[in-house]
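Residues per chain are reported as follows:
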Amino acid sequence: MATQTTAERARKPRRDERRVVSNIVRGSIGNLIEWYDWYAYTAFSVYFASVFFPSGDQTAQLLNTAAVFAVGFLMRPIGGWILGRYADRRGRRAALTLSVTLMAAGSLIVALTPSYGSIGVAAPVLLVTARLLQGLSVGGEYSTSATYMSEVASPGRRGYYSSFQYVTLIAGQLTALGLQIVLQQVLSPAQMESWGWRIAFVVGAAGAVVVLWLRRGMDESESFERAASEGEEEQSGPARGSLRLLLSYPRQCLVVVGLTMGGTLFFYTYTTYLQKFMVNTSGIAKPTAAWINFFALLVFVVLQPVMGLLSDRVGRRPLLIAFGVLGTMVVVPSLTLLSHTSDPVYAFLLMVVPLAVSSLYTSISAVVKAELFPTSIRALGVGLPYALTVAVFGGTAEYVALWFKNAGHENWYFYYVTACVLISLLVYIRMRETSEGSPLDEGVSGSRD
């Protein structure tokens, strides 16, 4: 009997680790589909801009689609608040399931909306409605996914496991770009602009249905279950997931805003906007720009778990400081050089080097925020201040860049990004190391029975 008990104990860590991996995979696949849906808009906007906004030149049409993109971001704080509150009260799994349902609805609306020529102003109105739903979804997805992955990850490997949030976030963008490349090979430019782009949104809506099934099989995080039971016993103080409780953590909220500001603007500059920059400024052909973005983002994906694992060994703060220093140095020269070249290889290098710098931030962005807050307010604490910052800086990145270009001062945008990264660097220097003494360590049993 003693031998059997010893054997069971030896196998238990393996079972627990397999369960961690299973939960991370299920959560990650859902995250991938959500971000695929979100980025499909950006990847295919160069084709459907004339469908919803037929008047004006290419820059004017892209300005209109960028404005709708920014409107979607304005919903992200609301999504971070509603779904973050829901996740802190009803559970991470329930919130993740709700968020993917909203994303599927938004994608289906985009796929089925007729052109401006067919229904007039109702076309852009429906496009805005769809982006509002998707913005609501993504606002809740990021915070709940970051919280869930951090809570179910094995202690000592949170940086590594949490990095898969950005692995799947970027993989979602890669999937959108990959589909775009395939469609460009089998459809003519006229077909792409007429109806081919709709395929991307049909695929996203169908993928969300699969995710709904997968997420039903995820475990609820042990941290949430423990906090929920303790909350029922105490029945005192501000309610879990309430704004009143969040306001009792002002320092943590300000840290989230500060560390996100430069990181998110840098990220969206070199991911969602750069493809348009290559086409509209560098004069690179649309298919070539798509290939450049695809391979650069592929390298970016590989770097995420590497940097996450490194953060588990040296801490989060050194990586953030390295990003801040290198980020302030690379923006102006890389974008200036890119604006004067149409060589694909050179353009690839000018994209992949800043993305490597960005990985120092993106790989640990989720876990750093989660490590700041206790379980009872973690999803809302991660979601709301982050989403507000992303809405102001990340969501407007394309619009601000195109506005500067339209005004004849495109290079001013380069300095704007640099200034924001510099402000975040000051926050990184002053903040404490989050991996030490984190609220995530409270009550950690090391395994889940």
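How each quantity is defined
Residues numbered from 1 in each chain as written. Predicted model: local features only at pLDDT ≥ 70, side-chain atom pairs only at ≥ 80, totals over all residues. Heavy atoms only, no water. Helix = DSSP H or I, 4+ residues; strand = E, 2+ residues; numbered from the N terminus. Buried < 20%, exposed > 50% of the residue type's maximum accessible area, 1.4 Å probe, protein only. Contact = heavy atoms within 4.5 Å. Axes fitted to C-alpha atoms, helices over the stretch in contact; angles between N-to-C directions. Parallel < 35°, antiparallel > 145°, perpendicular 65-115°, else oblique. Left-handed = near helix turned anticlockwise from the far one by under 90°. pLDDT = per-residue confidence, 0-100. Phe/Tyr/Trp six-rings, centres within 6.5 Å; stacked < 30°, edge-to-face > 60°. Lys NZ or Arg CZ within 6 Å of the ring centre and 35° of its normal. Patch = residues over 30% accessible without salt bridge, like charges linked within 9 Å, V, L, I, M, F, W, Y side chains within 5 Å. Areas by Shrake-Rupley, 256 points an atom, 1.4 Å probe, with all protein chains shown as cover. Salt bridge = Lys/Arg side-chain N within 4 Å of Asp/Glu carboxyl O. Expected span 1.5 Å × (residues − 1). Core = buried A, V, L, I, M, F, W, Y, C linked by side-chain atoms within 4.5 Å. Nonpolar A, V, L, I, M, F, W, Y, C, P; charged D, E, K, R; others polar.

Another point: the overall build of the protein chain. Looking only at helices and strands, one finds 19 helices and 0 strands in the protein chain. A total of 449 residues make up the protein chain; the buried ones form 57% of that total. Considering only residue pairs separated by 6 or more positions, the protein chain has 87% of its internal contacts joining residues 24 or more positions apart.

Two elements in contact, helix α13 (residues 250-282) and helix α19 (residues 411-430), have axes whose closest approach is 7 Å; the angle formed by their N-to-C orientations is 150 degrees. Considering the angle they form, α13 stands roughly antiparallel to α19. Classified by chirality, the crossing of α19 by α13 is left-handed. Between α13 and α19, the residues in contact are Val255, Gly258, Leu259, Met261, Gly262, Gly263, Leu265, Phe266, Thr269 and Phe277 and Tyr413, Phe414, Tyr416, Val417, Cys420, Val421, Ile423, Ser424, Val427 and Tyr428, respectively.

Per-residue confidence for the protein chain gives a mean pLDDT of 82, with 87% of residues at or over 70. Taken as a whole, residues 443-449 scores under 50 in pLDDT and shows 17 contacts with residues more than four places along the chain or in a different chain.

Under the defined criterion, the tally for this structure stands at 21 aromatic pairs. Seen from their ring centres, Phe323 and Tyr428 are 6.3 Å apart, and the 55 degrees between their planes marks the pair as tilted. Of this pair, Phe323 sits in helix α15 (residues 316-338) while Tyr428 is found in helix α19, placing the two residues 105 residues apart along the sequence. Pairwise contacts between aromatic rings join Phe266, Tyr270, Phe323, Tyr361 and Tyr428 into one cluster. For Arg131, the ring lying beneath its charged end belongs to Tyr41, and the centroid distance is 4.2 Å. When the ring centre of Tyr47 is taken as origin, the NZ or CZ atom of Lys286, which lies over that ring, is 5.3 Å away.

Before going further, it helps to spend a moment on a nonpolar patch on the surface. Judged by side-chain polarity, Ile78, Trp81, Ile82 and Leu243 come together as a nonpolar surface patch covering roughly 320 Å² of accessible area. By residue number, the principal contributor to the nonpolar patch is helix α3 (residues 76-90), which donates 3 residues. Tracing the backbone shows Ile82 in helix α3.

Turning next to the environment of Gly84. Among the structural elements, Gly84 can be located in helix α3. Since its relative accessible area comes to 0%, Gly84 is described here as buried. Distance from Gly84 to Gly381, taken between C-alpha atoms, is 7.8 Å for residues 297 residues apart in sequence.

Right, let's get into helix α6 (residues 122-152). Along its 31 residues, α6 runs 44 Å from first to last C-alpha, staying within 8% of the 45 Å computed at 1.5 Å per residue. Of all 31 residues that make up α6, 24 are buried, and the element is covered over most of its length.

Ranked by size, the top nonpolar core spans 108 residues in total, and within it Phe44, Phe48, Trp197, Phe266 and Met278 carry the most contacts. It is α13 that provides the largest number of residues to this core, a total of 15 residues. Ignoring sequence-local partners within four residues, the contact set of Trp197 consists of Phe44, Tyr47, Phe48, Val51, Phe52, Val110 and Met192. Membership of the second largest hydrophobic core comes to 9 residues, among which are Val20, Ile24, Leu96 and Ala153.

So, on to the packing of helix α14 (residues 286-314) against helix α16 (residues 344-370). To describe two helices that pack against each other, one gives the angle between their axes and the distance between the axes. For the pair α14 and α16, the least separation of the axes is 8 Å and the interaxial angle reads 30 degrees. The angle between α14 and α16 falls in the class roughly parallel. The crossing of α14 and α16 is right-handed. Within the contact of α14 with α16, the residues separate by chemical class into 17 nonpolar, 9 polar and no charged.

Another point: the pattern of salt bridges. Tallying each qualifying case throughout the model produces 7 salt bridges. One salt bridge connects Arg378 with Glu151, and the closest N-O pair in it is separated by 2.7 Å. Taken together, the residues span a long stretch of sequence, with Arg378 in helix α17 (residues 378-394) and Glu151 in helix α6 at a distance of 227 residues. You'll find Arg378 and Glu151 in the same group, each marked buried. Here Glu371 ties to Arg316 by a salt bridge, and the two come within 2.7 Å at their closest N and O atoms. Taken as a pair, Glu371 in the loop between α16 and α17 and Arg316 in helix α15 lie far apart in primary sequence, 55 residues in all. Both residues of the pair, Glu371 and Arg316, belong to the buried class. Three or more residues are tied together by salt bridges with common partners; here these are Asp88, Arg92, Glu151 and Arg378.

Moving on to the environment of Val382. Here Val382 shows up in helix α17. Val382 gets classed as buried once you look at its relative accessible area, which sits at 0%. Sequence-distant contacts of Val382, defined by excluding residues within four places in its chain, comprise Tyr142, Ser143, Ala146, Thr147, Val256, Lys369, Ala370 and Phe373.

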